[in-house]
Amino acid sequence: MGGGSWATALAKLLLNNCESILWYMRRDDRIEDFKRHRHNPAYLSDVEFDIERIEFSSDINEVCSNADTLLLVMPSPYFKGHIEKLTADISQKYVVSAVKGIVPDDNLIISDYMQQRFGVDPERMMVVSGPCHAEEVALGRKSYLTVAGNNIFHAEQFAKVLAGKALKTITSSDVTGIEYAAVLKNVYSICAGIVHGLKSGDNFQAMLVSNAIREMERFIDTVNPRPRQICDSVYLGDLLVTSYSRFSRNHNFGSMIGRGYSVTAARMEMEQTAEGYYGTKCIYEINHKLGVTMPILSGVYDILYRNIKPSKAIQAMSETFI
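Residue indices follow the written sequence of each chain, beginning from 1 at its first position. Only residues with pLDDT of at least 70 get local features here, since the model is predicted, and only at 80 or more are side-chain atom pairs given and counted; chain-wide, interface and lining totals rely on the full set of residues. Note: side-chain values were computed over all heavy atoms of the structure, leaving out hydrogens and water.

Asker: Please provide a residue-by-residue account of the pairing of strand 8 (residues 143-149), values included.
Answerer: The element strand 8 is extensively covered by neighbouring structure, given that six of its seven residues are classed as buried. In this description, strands pair whenever DSSP reports at least two bridges between them. A helix here means a DSSP run of H or I that spans at least four residues, while a strand means a run of E at least two residues long, and both kinds are numbered starting from the N terminus. Bridge count for strand 8 against strand 9 (residues 167-172) is six bridges, and the pairing is parallel. In the strand pairing of strand 9, Leu145 is matched with Thr169. Seen with its strands pointing away from the viewer, a crossover is right-handed when the path leading from the first strand over the helix to the second is clockwise. Note that the unit made of strand 8, helix 7 (residues 152-162) and strand 9 has a crossover that is right-handed. Exposure is judged per residue with a 1.4 Å probe applied to protein chains only, and the accessible area is read against the type maximum: over 50% gives exposed, under 20% gives buried, and values in between give partly exposed.

Asker: Can you tell me about the pattern of salt bridges, naming the residues and giving the values?
Answerer: Any two side chains of opposite charge can pair, so long as their charged atoms come close to each other. Throughout this description, the term salt bridge denotes a Lys or Arg side-chain nitrogen within 4 Å of a carboxyl oxygen of Asp or Glu. Tallied over the entire structure, the rule returns 14 salt bridges. Among the ionic pairs, Arg117 bridges to Glu84, the shortest N-O distance being 3.1 Å. Residue Arg117 is found in helix 5 (residues 110-118), and its partner Glu84 is found in the loop between helix 4 (76-83) and strand 4 (94-97); the two are separated by 33 residues along the sequence. With relative accessibility at 38%, the residue Arg117 sits in the partly exposed group. Take Glu84: its relative accessible area is 33%, and that puts it in the partly exposed class.

Asker: Lay out the state of the cysteines in plain terms, naming residues and giving numbers.
Answerer: By definition, disulfides here are pairs of cysteine sulfur atoms that lie within 2.5 Å. With the rule as written, the count across this model stands at zero disulfides. Left without a disulfide partner, Cys191 is nearest to the cysteine sulfur of Cys282, which lies 18 Å away. On the basis of relative accessible area, Cys191 is assigned to the buried category, the value being 0%. Look at Cys282 and you get buried, because its relative accessible area is 3%.

Asker: Account for the sheet that holds strand 3 (residues 69-72), with residues named and values stated.
Answerer: Taking strand neighbours across the sheet as the criterion, the five strands line up as 3-4-7-8-9 in an open arrangement whose pairing is mixed. Edge positions in the sheet fall to strand 3 and strand 9, since each of these pairs with one other strand and no more. Strand-to-strand twist across the sheet, computed as the mean angle between neighbouring axes with direction ignored, equals 20°. Contacts between helix 8 (residues 175-197) and the sheet are confined to strand 4, strand 7 (125-129), strand 8 and strand 9, with strand 7 contributing the most and set at about 40° to the helix. Structural elements are reduced to axes, namely lines fitted to C-alpha atoms, with helices fitted over the stretch in contact, and the angle between N-to-C directions of any two is expressed from 0 to 180 degrees. Only heavy atoms matter for contacts: two residues are in contact if any of them lie within 4.5 Å across the pair.

Don't take any of this as a statement about function, it's just geometry.
Shown next as structure tokens:
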């Protein structure tokens, strides 16, 4: 469910192991172009598909009624606009979120939103995350994804559907922690991009990322206290690749701001959604109640939403680094 680059990459992985899939896309013109050219006309256009094995539809209720498992891959800012059209009963469907973001205004991670809004059984809810850019998946480069579920058997079964020669899967039961980590790493990636745009250097970048993982751990341990290894790939690995990779839209968004673009101009320049922009505000508001010490988050919020000069905000947060 979704028509972007990550949805396209995941669909390609699924078709390696599934006979056929249903694919919800919002726009009929995109569907027709996809059928005509046998690839997604807007994203990862070099990746060809056997379209005879795909049943496309712009009717979200039709797709959700006929599928046994729903893989959600819409950008978080537009997620609610899509999913609120859903009237079909999905409470007993398997629902997998690959949305690396949070529902704006509601300030809910996707698993909580789906359980509260649609009564999805928590035992049938899963998330997919990890250091895995869509572009590298499409190129067949070795990648790693973690599938997390409250029911580990269900997570293992879905992991098998994704796995292949170049895609290795790991399972976890930390649904909440992994979802919040996926939001936070986008926030820190924006900050890494700002630092890069300011030409602060690799030494400072390393200090930023090492402090960011500590900040992530403090927040996640507060919102969902349980045993976890923050150095696992789904937490630290995802933070690293998003902070450093040229494929990272959040890093590129931050880099523009560091180079002098206004926030508005940088958002207009981006061809794809920088989810960390929205995630920053959501996590900031959540943390207003929790009170976790998060100087990096606060600094990014000041830059994006309070028009504080990037160099000034970065200098202030740097004084807290250890």
